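Now for the letters of each chain:
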Amino acid sequence: MVPVDNQLPAHIRTRGSATDSDRAVAYPPAPLPLDVGVYDNHAHLEFADGDNPMDFTEHLDRSGAVGVLGVVQVGTDVETSTWSAALAAREPRVLAAVAIHPNEAPQLMASGEFDDAMAALDALASQPRVVAVGETGLDYFRTPPERQQDQRDAFVAHIELAKKHGLALQIHDRDAHDDVVATLLEVGAPDKTVFHCFSGDRQLAETLAEHGWYASFSGTVTFGNAHGLREALVVMPRSQILIETDTPFLTPTPHRGKPNSPYMVPYTLRSMAETLDMDVTLLAAQLTDNTFQVYGRFDDAPVTGPDSVLREPHQ
Ligand SMILES: [Zn+2]
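About the thresholds
- Residues numbered from 1 in each chain as written.
- Predicted model: local features only at pLDDT ≥ 70, side-chain atom pairs only at ≥ 80, totals over all residues.
- Helix = DSSP H or I, 4+ residues; strand = E, 2+ residues; numbered from the N terminus.
- Rg over C-alpha atoms; globule rule 2.2 N^0.38 Å.
- Buried ≥ 20, exposed ≤ 12 C-beta atoms within 10 Å, placed from the backbone.
- Pairing = 2+ DSSP bridges.
- Right-handed = clockwise from strand over helix to strand, strands pointing away.
- Arc of directions from axis to C-beta.
- Contact = placed C-beta atoms within 7 Å.
- Axes fitted to C-alpha atoms, helices over the stretch in contact; angles between N-to-C directions.
- Parallel < 35°, antiparallel > 145°, perpendicular 65-115°, else oblique.
- Nonpolar A, V, L, I, M, F, W, Y, C, P; charged D, E, K, R; others polar.
- Expected span 1.5 Å × (residues − 1).
- Left-handed = near helix turned anticlockwise from the far one by under 90°.
- Core = buried A, V, L, I, M, F, W, Y, C linked by C-beta atoms within 7 Å.

Novice: Lay out the overall build of the chain with the relevant residues and their values.
Specialist: Regarding its fold elements, the chain presents 10 helices and 10 strands. For 315 residues, the compact-globule formula gives about 20 Å, and the C-alpha radius of gyration of the chain, at 18 Å, lands near that figure. Considered along the principal axes of its C-alpha atoms, the chain spans approximately 50 × 45 × 40 Å. For the chain, buried positions account for 51% of its 315 residues.

Novice: So what about the pairing of strand 4 (residues 68-74)? Which residues, and what values?
Specialist: Burial analysis of strand 4 places seven of its seven residues in the buried class, which makes it a mostly covered element. Sheet topology note: the strand 2 (residues 38-43)/strand 4 ladder contains four bridges and is parallel. Bridge pairing in strand 4 places Tyr39 opposite Gly70. Both strand 4 and strand 5 (residues 94-98) contribute to a ladder of four bridges, which runs parallel. Pairing of Gln73 across the sheet is with Ala96, part of strand 5. Once you follow strand 4 into helix 2 (residues 78-90) and on to strand 5, the crossover reads as right-handed.

Novice: Tell me about helix 8 (residues 227-235), residues and numbers included.
Specialist: Buried within helix 8 are the following residues: Leu229, Ala232 and Leu233. End-on view of helix 8: buried residues confined to an arc of 100 degrees, all on one side of the axis. Contacts from the buried residues of helix 8 go to helix 7 (202-211), strand 9 (214-217), strand 10 (241-243) and helix 9 (265-276).

Novice: Which residues make up the pairing of strand 6 (residues 130-139), and what are the values?
Specialist: The element strand 6 is extensively covered by neighbouring structure, given that 10 of its 10 residues are classed as buried. Note: strand 6 against strand 7 (residues 168-174), six bridges, orientation parallel. Directly across from Asp139, in strand 7, lies its bridge partner Arg174. At this point the chain moves from strand 6, through helix 5 (residues 148-165), to the parallel strand 7, and the crossover so formed is right-handed.

Novice: Please provide a residue-by-residue account of the packing of helix 2 against helix 4 (residues 114-125), values included.
Specialist: Packed helix pairs are characterised by how far apart their axes lie and by the angle those axes make with each other. For the pair helix 2 and helix 4, the least separation of the axes is 10 Å and the interaxial angle reads 5 degrees. Relative to helix 4, the element helix 2 lies roughly parallel. Between helix 2 and helix 4, the contacting residues are Val78, Ser81, Thr82 and Ala85 on the first element and Ala117, Ala120, Leu121 and Leu124 on the second. The class makeup of the residues in the contact of helix 2 with helix 4 is six nonpolar, two polar and no charged.

Novice: An account of helix 2 is needed here, citing residue identities and associated values.
Specialist: The terminal C-alpha atoms of helix 2 lie 19 Å apart, and with 13 residues this matches the ideal 18 Å at 1.5 Å per residue to within 8%. The inward-facing, buried residues of helix 2 abut strand 1 (13-14), helix 1 (56-65), strand 4, strand 5, helix 4 and strand 6.

Novice: Outline the packing of helix 8 against helix 9, supporting the account with residue identities and numerical values.
Specialist: It is at 10 Å that the axes of helix 8 and helix 9 come closest, and there the two elements cross at 70 degrees. Accordingly, the angle class assigned to the pair helix 8 and helix 9 is roughly perpendicular. You can see that helix 8 and helix 9 cross each other, and the crossing is right-handed. Contacts from Arg230, Leu233 and Val234 of helix 8 reach helix 9 at Met272, Thr275 and Leu276. Of the residues in the contact of helix 8 with helix 9, the class split is four nonpolar, one polar and one charged.

Novice: Mind laying out the environment of Ala125, listing which residues take part and the relevant values?
Specialist: Take Ala125: it is sitting in helix 4. Taking the number of C-beta atoms within 10 Å as the measure of exposure, Ala125 has 24 and is therefore buried. Once residues lying within four places of it in the same chain are set aside, the contact partners of Ala125 are Val98, Val130, Val133, Leu161, His165 and Leu167.

Novice: Would you mind going over the nonpolar core in detail, with residue names and values included?
Specialist: With 86 residues, the main nonpolar core has Ala96, Val98, Val133 and Ala215 as its most contacted residues. If sequence neighbours within four positions are ignored, Val133 has contacts with Ala97, Val98, Ala99, Ala125, His158, Leu161, Ala162, Leu167 and Leu169.

Novice: Give me the sheet that holds strand 7: which residues, what numbers.
Specialist: The eight strands lie next to each other as 2-4-5-6-7-8-9-10, forming an open sheet whose pairing is parallel. The sheet is open, and its two borders are formed by strand 2 and strand 10, each paired with just one other strand. Mean inter-strand twist for the sheet, computed between neighbouring axes without regard to direction, equals 30 degrees. Here strand 8 (residues 193-195) runs beside strand 9; their pairing, made up of two bridges, is parallel. What sits directly across from Val194, in strand 9, is Tyr214. Lying over the sheet, helix 10 (residues 280-295) contacts strand 2, strand 4, strand 5, strand 6, strand 7, strand 8, strand 9 and strand 10, oriented at roughly 100 degrees with respect to strand 10.

Novice: Could you give an account of the environment of Ala43, naming the residues involved and the relevant values?
Specialist: Note that Ala43 resides in strand 2. Setting aside anything within four residues of it in sequence, one finds Ala43 in contact with Val71, Gln73, Val74, Glu244, Thr245, Asp246, Thr247 and Pro262.

What follows is the structure, encoded as structure tokens:
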């Protein structure tokens, strides 16, 4: 826990370290730089990981060197959401998302702390560089049936918070596609609704396409057995796809099992371009345009048109 300065610690969560033999691993080598800048739509830079953890400045510098120009930093509870908003406020390469993760929300409801947590998120959501509510949603893989109604109530509260502030919604959906879609349709989805780490098949992709929702693809789309994900990618309208790392998790092929970082985006991007039989530079430009459509610009520069991304420096 090395403080970067007296206000914002470098890490407030640990995935592992040299003392944990499982995570005593080095960061993978950087990919070849991209010609056109892209953005990592979902990362948790507050995690220390691996045998030599990088802080957010190292993540962002290494990312910029390969053309990954910015990161949406995502909270999972009040503490990490506060950290995310604080980082975005000081760092032009970062925008923030705030939420109580669906695996945390039922416990807060049981302990009577959920309403206070949502009040804290409401205050954070007013900050100008907080651009999304997330990650929220449903996780039936980790939540037993008797807690799922609480989880659904928490999801609804997050949807309402996003709509109240006019923010994007970043959804965590694990083994719960039908109920996530049903909840969105019943409550009314925010204008910009993103399925983070999209894990559906062709059928869910068609549902997203129909409703104008976004699918954000992580390193899982590069995995050898992920045929269904690649089928889903192919049927998504190109204007509704995004790219992310979910750092420190889900490191793409060929570096599965190693710590992840936003600088790993080009591996996933090149794999997606191959699946789509699309030029890497054109796909990068499309993904950046989509990122700006959902979250706005990372700096204060005016958006001058879709081709503006082609003039972004990548270094
Ligand atoms: Zn995440």
